[in-house]
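Chain by chain, the residues:
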Amino acid sequence: MSRALRSLVMSVLLVCGFSPAHGGEGAALERGTAIIDPAALRELDHGRFGLRRIMAPMQSADVPLTSGDLFALPEMAPVKKALDEDFERYIERHKAELPTESIGVGQGFDFQLFDRTQLSSADTRFVLSGIVNRMDRAYVSEKDCGEIRLIYRLTQTGAGAIGEAAVSPRLPMTLNVVLKAKGAIPVDGAGVTITCAEIARRWLAAGQLAASGAELAGKLTATGGALDLVRPENIERIETNLQIAHAPKSAVRDFRTDYLMKVFDYDAASATFQEAPLENQIDRARLLADENLSHDFKAWLLDLAHFAELDKGTILIPERFLVKSAVAATPVGFAPLELQPAFGLVASEDGPTNPVFAESDVVGVLKRATEHGAALQNIRSVAGFERRLNDMTCTGCHQTRGIGGFHFPGVDWLAAKPSNVTVVPASPHFFGDQVRRRDILAAFRDGKRVDFSRGFASRPQTRGSSELAGSEYENGWGAHCYVQHAKMSENDASFRSWTCADGLACQAVSPATRMGMCFVKGR
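Bear in mind the structure is a predicted one, so any value in this text is a computation, not a measurement.

Visitor: So, the overall build of the chain: which residues are in play, and what are the values?
Guide: Each helix and strand counted, the chain has 16 helices and 13 strands in total. With the C-alpha coordinates aligned to their principal axes, the bounding extent of the chain is approximately 65 × 60 × 50 Å. The contacts of the chain with a sequence gap of at least 6 include a subset with a gap of at least 24, amounting to 67%. Accessible area for the chain stands at about 22,600 Å²; split by element, carbon and sulfur atoms hold 52% of it. Considering the chain, the positive charge centre built from 58 side chains and the negative charge centre built from 63 side chains are found 3 Å apart.

Visitor: With reference to specific residues and values, describe the pattern of salt bridges.
Guide: Applying the stated criterion to the full structure yields 40 salt bridges. Linked through salt bridges whose partners overlap, the residues forming this network are R137, E147, R149, E236, R237, E239 and E279.

Visitor: Residues and numbers for the sheet that holds strand β13 (residues 515–520), please.
Guide: With antiparallel pairing, the three strands of this open sheet are ordered in space as β11-β13-β12. Strands with a single pairing partner mark the edges of an open sheet, and in this sheet they are β11 (480–482) and β12 (504–510). Looking at each pair of strands side by side, their axes are set apart by 55° on average, direction ignored.

Visitor: Quick rundown of the packing of aromatic side chains? Include the residues and the values.
Guide: Applying the stated criterion to the full structure yields 16 aromatic pairs. Each ring, one from F430 and one from F431, has its centre 5.2 Å from the other, and the planes form 85°; the classification is edge-to-face. The buried category is assigned to F431, whose relative accessible area is 1%. By the ring-pair criterion, three or more aromatic residues cluster together here, those being F297, F307, F321, F357 and F385.

Visitor: Account for the state of the cysteines, with residues named and values stated.
Guide: Enumeration over the complete set of coordinates arrives at three disulfides. What pairs with C145 in a disulfide is C196, and their sulfur atoms sit 2.0 Å apart. Given an S-S torsion of about -85°, the disulfide between C145 and C196 has left-handed geometry. Of this pair, C145 sits in the loop between β4 (124–134) and β5 (147–156) while C196 sits in helix α6 (residues 196–206); the two residues are 51 residues apart in sequence, bridging distant segments of the chain. A relative accessible area of 18% places C196 in the buried class. Each sulfur of the disulfide joining C481 and C506 lies 2.1 Å from the other. Taking the sign of the torsion about the S-S bond as the criterion, the disulfide between C481 and C506, at about 95°, is right-handed. Residue C481 is found in strand β11, and its partner C506 is found in strand β12; the two are separated by 25 residues along the sequence. Residue C394 stays outside any disulfide, its sulfur separated by 8.2 Å from that of C397, the closest cysteine.

Visitor: Talk me through the confidence of the model for the chain; I want residue IDs and the actual numbers.
Guide: With 92% of its residues at a pLDDT of 70 or more, the chain shows a mean pLDDT of 90. pLDDT under 50 marks residues 1–26. Its contacts with residues more than four places away, or in other chains, come to 48 contacts.

Visitor: Explain the packing of α6 against helix α16 (residues 434–446) residue by residue, including any values.
Guide: Running from amino to carboxyl end, α6 crosses α16 at an angle of 130°, the nearest separation of the two axes being 7 Å. Taken together, the axis directions place α6 and α16 in an arrangement best described as oblique. By crossing handedness, the relation of α6 to α16 is classed as left-handed. Side by side, α6 and α16 meet where C196, A197, A200, R201, W203 and L204 of the first sit next to R438, L441, A442, F444 and R445 of the second. Split by residue class, the contact of α6 with α16 holds eight nonpolar, no polar and three charged.

Visitor: How would you summarise the nonpolar core if you had to cite specific residues and measurements?
Guide: The biggest cluster of nonpolar side chains holds 75 residues, and the ones touching the most others in it are M55, L70, F126, I131, L150 and V177. Contacts of I131, omitting those with residues within four sequence positions, involve T33, A34, I35, L41, L44, F49, I148, R149, L150, W203 and L227. Membership of the second largest hydrophobic core comes to 28 residues, among which are F297, L322, V346 and L376.

Visitor: How would you sum up α6? Please name residues and give values.
Guide: Counting buried positions along α6 gives eight out of eleven residues, so the element sits mostly inside the fold. Of the positions making up α6, those classed as buried are C196, E198, I199, A200, R202, W203, L204 and A206.

About the thresholds
Residues numbered from 1 in each chain as written. Predicted model: local features only at pLDDT ≥ 70, side-chain atom pairs only at ≥ 80, totals over all residues. Heavy atoms only, no water. Helix = DSSP H or I, 4+ residues; strand = E, 2+ residues; numbered from the N terminus. Contact = heavy atoms within 4.5 Å. Areas by Shrake-Rupley, 256 points an atom, 1.4 Å probe, with all protein chains shown as cover. Lys, Arg positive; Asp, Glu negative; His and termini not counted. Charge placed at Lys NZ, Arg CZ, Asp CG, Glu CD. Salt bridge = Lys/Arg side-chain N within 4 Å of Asp/Glu carboxyl O. Pairing = 2+ DSSP bridges. Axes fitted to C-alpha atoms, helices over the stretch in contact; angles between N-to-C directions. Phe/Tyr/Trp six-rings, centres within 6.5 Å; stacked < 30°, edge-to-face > 60°. Buried < 20%, exposed > 50% of the residue type's maximum accessible area, 1.4 Å probe, protein only. Disulfide = S-S within 2.5 Å. pLDDT = per-residue confidence, 0-100. Parallel < 35°, antiparallel > 145°, perpendicular 65-115°, else oblique. Left-handed = near helix turned anticlockwise from the far one by under 90°. Nonpolar A, V, L, I, M, F, W, Y, C, P; charged D, E, K, R; others polar. Core = buried A, V, L, I, M, F, W, Y, C linked by side-chain atoms within 4.5 Å.

What follows is the structure, given as structure tokens:
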């Protein structure tokens, strides 16, 4: 990629990450699927959705839970221990792989580490920055009706105001508290039976509320409101994502930022959060080093039933093939790269000599799928299979259409003018997926068959809706696209539909893959 095109692409990524989150007819894309109103979040954080009420509901103290208090909780001891161990491993690996580049806390180092003392500080705390409905994940556990996620952003509260905007400085770490959408309570306070359909109805109805701030918060938490049943006893796990280190652009390297991602399941027996494998985060190093494990993984994934789940985006890879810790490096280009989680698993000229999958393996399973009448939606080629392997992982998804290494940085309601500080609190990937999520909620509400399938992280699944047409999420300026060959038959079958709107052309960022972005013709 030329320097000029690289600069243009980086500009698009920044602009697209902070453009208005609205689709057709001027309606917010997140309506009915997420709560992002800063004034309402402020009220909820000051009430029963403050982190102390969620993580330590038995405590009588009615003051914010500082980071030091949070990680001093007995249930959080394994979390702090695991994070510390990952930091030490990261530093050791860096020194072994890049011995000439210094690493440490502060601007004087080539790689600048996240300051872990912030996690033990009385001057930082996790602030509620968004609440997201993930009933589209009910395929994981139907009885739970999917998930509700409370997303908290680490914020430095003791530094005071900065500049005219009086912004309270936020730190690059999120804590995601994941709860079952449907808990053990069979009926609510009004005697209404709680079902998946009822929960979906409440959320979609909340999306139609013409309210904000305290009024919206009150309606959401009232009996029958979307948040009425979101309670601490429904917590299933917590997820952490932090910017473990970043390297400014220098004479020896381009700008790079690494994000450490971890998951901790709640263990009722010990009443603690225990480190758990990241969902679908393939252990590439072990697969490439262990021939027996590699053989087992290939046999499992190429089974037609599992391959169909991979295609739909509903696959759950067994834990024996996964890792408990992962680092997502950004920015990562459109072309295959060592920093991508599935790099080298599929045979290629630039990959290792012992890939897990040969091209013939993928071609063979595609042929079998056709013979058995399997209607594949996304994987129709070797390139489609490789892309799906990447974006099904935690890190691969966060490397695609994210804001840095996050999909939901959230709003900063501590700022003097929060609506002017963070225009868009989430990534293009997040907003591009809202149409699909609302479609799933509507199916639940109406008692219809629920289709949990999803498209690639780069290109949202529209399900026939035109709401995203002409936008950065589908085929508008800045959308991800595939440079079409003159002959349709020469186009990769997985990406033939990745075109641009009238007046735009797809400019390849990676000539090798023909992947690029939609820009005005002639640029």
